[in-house]
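Descriptive structure summary
As a plain string of letters, each chain reads:
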Amino acid sequence: MVSMKNIGVFFGGQSAEHDISIVTAIASVIKPLEAMSAYRVIPVYIAKNGAWYSDQKLKDIKLYQTGEIDSFLKKSRPISVRFDSGLVLKQTKGLLRKAPETRLDIAFPAMHGTHGEDGELMGVFELAGIPYVGCELLASAIAMDKVVCKKIIEAYDIPTPKMISFSKQEYQENATRYEKDIADKLQLPLFVKPARLGSSIGITKVSSHKDLQGAIEVALHFDTKVLIEESVNNLIEVTVPIMGNHDLTPALVEQPIVSAEGSFDFETKYLKRNKKTGGAKSAQKGAQGYSKLPAEIPKKLYDSSIETACAAYKAIGCSGIARVDLLIDEKQQKVYFNELNPLPGSLYRHNWHAAGVSATELVTRLIDLAQQRHREKTAVNTSFKTNFLKQF
Ligand SMILES: Nc1ncnc2c1ncn2[C@@H]1O[C@H](COP(=O)(O)OP(=O)(O)O)[C@@H](O)[C@H]1O
Ligand SMILES: [Mg+2]
């Protein structure tokens, strides 16, 4: 009998999206994995203080919903991690009992935001030399920084709103120069954003130059780097989930329905999903509230969205899975890159489902892609003999 592979599902984490990650892991990863019974699922929950826990009980959503997780963590001990030709999780039980160990064959990160989706966790899997699902360290890290990400997108001639960026230090030393630069080179209205935050925190739309300074100060309150970019007018927002390493499979172009208030904050994205959203025929409840699936846009814009999204995925060097957010100027019929999420909430399972990929097929294909990438990487020789030490 072939022994079942251990798949570590990582979730929680030190991020504003801690709770969203729990739902992604349990509903979109663990549930379909267990339905297939092809893998032994090892949940690895990273608590808000950064400690790692692993216990089969952590697969139960109720633990988190009821708040019982707090007493559970108080009673439990964090695991320790050993790098030993792979990644070994070790329970830290009593001194006398031999602590059980689990060797992971593959890792499935289901983390969002900081200390997880941003490449840090991918670095751990790289060091351990085990295959892992989703984007690699570099693409994950690039995607987390809007400035770096957009600079690469620009280098590939993919349209993205024109921007100017600077650090807090640079602004403090040269505020008037930057403000003049912005006035000379960018057209109002503008969006002022912290470079490395999500969920619309610290973002301001500015329609007059007199409001610029205040907006920059707000953004600099949340990050030491900001960007100011031109607004895409006559806006339609769409998002395109994509899967693949070399050959890409896009899911459907999806059009999130922005709330009537027209705001774009955390609440609109994650908490208002029960509110009425206008009754569009094809409205779907997704990870970020309601959306039109597929987007109700002309075929030319639909195709151009897929093309732009795939080009961005390649440019950033994504593999496995990602979701590309686009801004469309409906009047000018032009598609712009906005940002890229290397680990979309819920894996955008509802969209894949509508595109004909079931939840079990989705995780299976992602695991296959992870293993394929791992094989390709290990086939490259990384040991070089030198005489350096002998010469010393
Ligand atoms: N250049 C822009 N033109 C028009 N709308 C924009 C622009 N940039 C951002 N927005 C609006 O602000 C929202 C949040 O900005 P985004 O860059 O996606 O930040 P976050 O990382 O917080 O999601 C977008 O979903 C969109 O509605
Ligand atoms: Mg966004």
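Residues numbered from 1 in each chain as written. Chains lettered and ligands numbered in written order. Predicted model: local features only at pLDDT ≥ 70, side-chain atom pairs only at ≥ 80, totals over all residues.

**As for the overall build of the protein**
A tally of regular secondary structure across the protein gives 13 helices and 18 strands. Burial status across the protein gives 40% buried among its 392 residues. (Helix = DSSP H or I, 4+ residues; strand = E, 2+ residues; numbered from the N terminus. Buried ≥ 20, exposed ≤ 12 C-beta atoms within 10 Å, placed from the backbone.)

**Some points on the confidence of the model for the protein**
Looking at the protein, pLDDT values average 91 and 90% of them are 70 or higher. Overall, residues 272-281 carries pLDDT values under 50, and its contacts beyond four positions in sequence, including any with other chains, amount to 12 contacts. (pLDDT = per-residue confidence, 0-100. Contact = placed C-beta atoms within 7 Å.)

**Comments concerning the pairing of strand β11 (residues 225-230)**
Burial runs high along β11: 5 of the 6 residues are buried. Relative to β11, strand β8 (residues 163-167) runs antiparallel, the two sharing 5 bridges. Paired with Ser167 across the strands is Lys225, a residue of β11. Relative to β11, strand β9 (residues 190-194) is paired through 5 bridges, and the arrangement is antiparallel. Within β11, the position partnered with Phe191 by the bridge is Glu229. (Pairing = 2+ DSSP bridges.)

**Description of the environment of Leu326**
Looking at where Leu326 falls in the secondary structure, it is placed in strand β17 (residues 321-329). Taking the number of C-beta atoms within 10 Å as the measure of exposure, Leu326 has 26 and is therefore buried. Along the chain, Leu326 and Glu237 lie 89 residues apart, while their C-alpha atoms are 5.9 Å from each other. Here Leu326 is in contact with Val238, Thr239, Val240, Ser305, Thr308, Ala309, Val335, Tyr336, Phe337 and Asn338, once residues within four sequence places are set aside.

**Quick look at helix α1 (residues 18-36)**
Taking 1.5 Å per residue, 19 residues should reach 27 Å; α1 reaches 26 Å between its end C-alpha atoms and fits that length. The sharpest bend along α1 reaches about 35° and sits at Ile30, with the proline Pro32 one to four residues further on. Along α1, the positions that sit buried rather than exposed are His18, Ile20, Ser21, Ile22, Thr24, Ala25, Ile26, Ser28, Val29, Ile30 and Leu33. (Expected span 1.5 Å × (residues − 1). Bend = angle between axes of the 7 residues up to and from the residue.)

**A closer look at the nonpolar core**
Val9, Phe10, Ile316 and Leu326 are the most contacted members of the largest nonpolar core, which totals 80 residues. At 7 residues, helix α10 (residues 299-316) tops the list of elements feeding residues into this core. Here this core gathers at least three residues from each of two domains, domain 1 (5-134) and domain 3 (235-378). One finds Tyr171, Ile182, Ala195 and Leu212 within the second-largest nonpolar core, a separate group that totals 16 residues. (Core = buried A, V, L, I, M, F, W, Y, C linked by C-beta atoms within 7 Å. Domains from an automatic or database assignment.)

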